[in-house]
Amino acid sequence: MEWSERHTLIMEQAAALFATKGIAGTKVRDIADGVGILSGSLYHYFPSKDAIAELIVTQYLDALVDEYKAILASSNGPRERLDDLVKASFRVSQAHPHASEIYQNNGTYLRKLKSHRKIRDAARTTKDAWMTVIESGIASGEFRADLPAEVLYGLIRDAVWLSLRWFSPTAEFGMDHLADSVVSVFLEGIEARH
């Protein structure tokens with residue numbers, strides 16, 4: 001299939017709608033109306049609404065997995081890798097607007113898609129990357145050992161992914177600042193420095 005500007009517009013419109021209305025709540029007509037084509041014409045570009053959703057989510061997860069694998073392959077220590085995971089997560093989310101929210105909010109729907117195994121495997125790979133870094137930090141004494149790695153993972157994961165819902169970058173405080181802040185708060189706390 002030859003990719004066109006129209007394909008990109010359809011993907012962008014669908015992603016925005018899926019993020020706000022959910023995949024199930026979005027009709028093909030909604031997507032088509034948003035790009036100024038007839039509903040039937042959308043099928044010239046994509047075989048189905050589900051195919052668009054699969055593509056949005058799998059492109060996002062593929063990019064995330066690639067970034068995470070590169071981080072794990074580096075010789076950096078746990079703190080640097082944790083920082084790299086946070087920054088990569090924000091970077092990939094910026095490159096794939098709405099995909100993180102679609103992935104998080106449409107789990108039941110995504111399980112019905114043909115690419116469910118690929119999505120599930122990518123999710124497992126990303127979790128494994130976080131757990132590897134956290135466990136190595138605990139083992140080296142850089143991270144607290146009194147909290148289970150799984151708990152630390154859940155706390156950091158939610159701080160990263162949920163912040164994308166409310167955070168609006170500014171010139172003074174951008175995504176890199178937010179990433180540094182997440183790592184700093186988790187590793188150094190919020191007590192004032194004296």
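Residues numbered from 1 in each chain as written. Predicted model: local features only at pLDDT ≥ 70, side-chain atom pairs only at ≥ 80, totals over all residues. Heavy atoms only, no water.

A. Fine view of helix 10 (residues 175–188). Its 14 residues give helix 10 an end-to-end C-alpha distance of 19 Å, which sits within 8% of 20 Å, the value for a rise of 1.5 Å per residue. Where helix 10 is concerned, the buried positions are Met175, Leu178, Ala179, Val182, Val183 and Ser184. Check the buried side of helix 10 and you find it contacts helix 5 (78–95) and helix 9 (149–166). Where helix 10 terminates, the next one or two residues include glycine 189, which has phi positive at roughly 85°. (Helix = DSSP H or I, 4+ residues; strand = E, 2+ residues; numbered from the N terminus. Expected span 1.5 Å × (residues − 1). Buried < 20%, exposed > 50% of the residue type's maximum accessible area, 1.4 Å probe, protein only. Contact = heavy atoms within 4.5 Å.)

B. Structural view of the UniProt feature "domain: HTH tetR-type" (unreviewed entry) in the protein chain. UniProt annotation of "domain: HTH tetR-type" (unreviewed entry) refers to residues 4–64 when read in the numbering used here. A distance of 24 Å separates the end C-alpha atoms of residues 4–64, which is 79% helix and 0% strand. (UniProt positions renumbered as here; feature names shortened; annotations may be inferred.)

C. Structural detail: unusual backbone geometry. Of note, histidine 98 is a non-glycine position whose phi angle comes to about 80°, a positive value. Along the chain, the position of histidine 98 falls in the loop between helix 5 and helix 6 (99–105). A relative accessible area of 37% means that histidine 98 is categorised as partly exposed.

D. Inspection of the side chain of asparagine 106 at higher detail. Here asparagine 106 lies in the loop between helix 6 and helix 7 (107–110). Leaving out residues up to four positions away in the same chain, asparagine 106 has contacts with Phe18, Gly22, Ile23 and Glu101.

E. Focus on the environment of serine 48. With respect to the helices and strands, serine 48 occurs in the loop between helix 3 (39–45) and helix 4 (49–73). Serine 48 gets classed as partly exposed once you look at its relative accessible area, which sits at 25%. Sequence-wise, serine 48 and valine 28 are 20 residues apart; in three dimensions their C-alpha atoms are separated by 8.2 Å. Within the structure, the side chain of serine 48 is placed 3.4 Å from the backbone nitrogen of aspartate 50, a separation counted as a polar contact. (Polar contact = N/O pair within 3.5 Å; in protein donor to acceptor, adjacent residues only side chain to side chain.)

F. Seen up close, the packing of aromatic side chains. As enumerated under the stated definition, the model contains five aromatic pairs in all. Between tyrosine 68 and tryptophan 130, the ring centres sit 6.1 Å apart and the planes meet at 85°, which makes this aromatic pair edge-to-face. Separated by 62 residues along the polypeptide, tyrosine 68 in helix 4 and tryptophan 130 in helix 8 (residues 116–140) bring together distant segments of the chain. For tryptophan 130, a relative accessible area of 2% corresponds to the buried category. An aromatic cluster of three or more residues is present, and its members are Trp166, Phe167 and Phe173. (Phe/Tyr/Trp six-rings, centres within 6.5 Å; stacked < 30°, edge-to-face > 60°.)

G. Expanded view of the side chain of glutamate 54. By secondary structure assignment, the location of glutamate 54 is in helix 4. Summary of buried charges: glutamate 54 has no salt-bridge partner, and the nearest side chain of opposite charge, lysine 114, is 5.9 Å away. Here the side chain of glutamate 54 touches lysine 114 through a polar contact of 2.9 Å, landing on its backbone nitrogen. Ignoring sequence-local partners within four residues, the contact set of glutamate 54 consists of Leu113, Lys114 and Ser115. (Lys, Arg positive; Asp, Glu negative; His and termini not counted. Salt bridge = Lys/Arg side-chain N within 4 Å of Asp/Glu carboxyl O.)

H. Structural view of helix 2 (residues 28–35). Of the residues making up helix 2, those classed as buried are Val28, Ile31, Ala32 and Val35. The arc enclosing the buried residues of helix 2, seen along the axis, measures out at 95°, which places them on a common side. Those residues of helix 2 that are exposed and angled more than 90 degrees off the buried face are Arg29 and Asp33. Here the buried face of helix 2 lies against helix 1 (5–21), helix 3 and helix 4. Positive phi appears at glycine 36, one or two residues downstream of helix 2, with a value of about 75°. (Arc of directions from axis to C-beta.)

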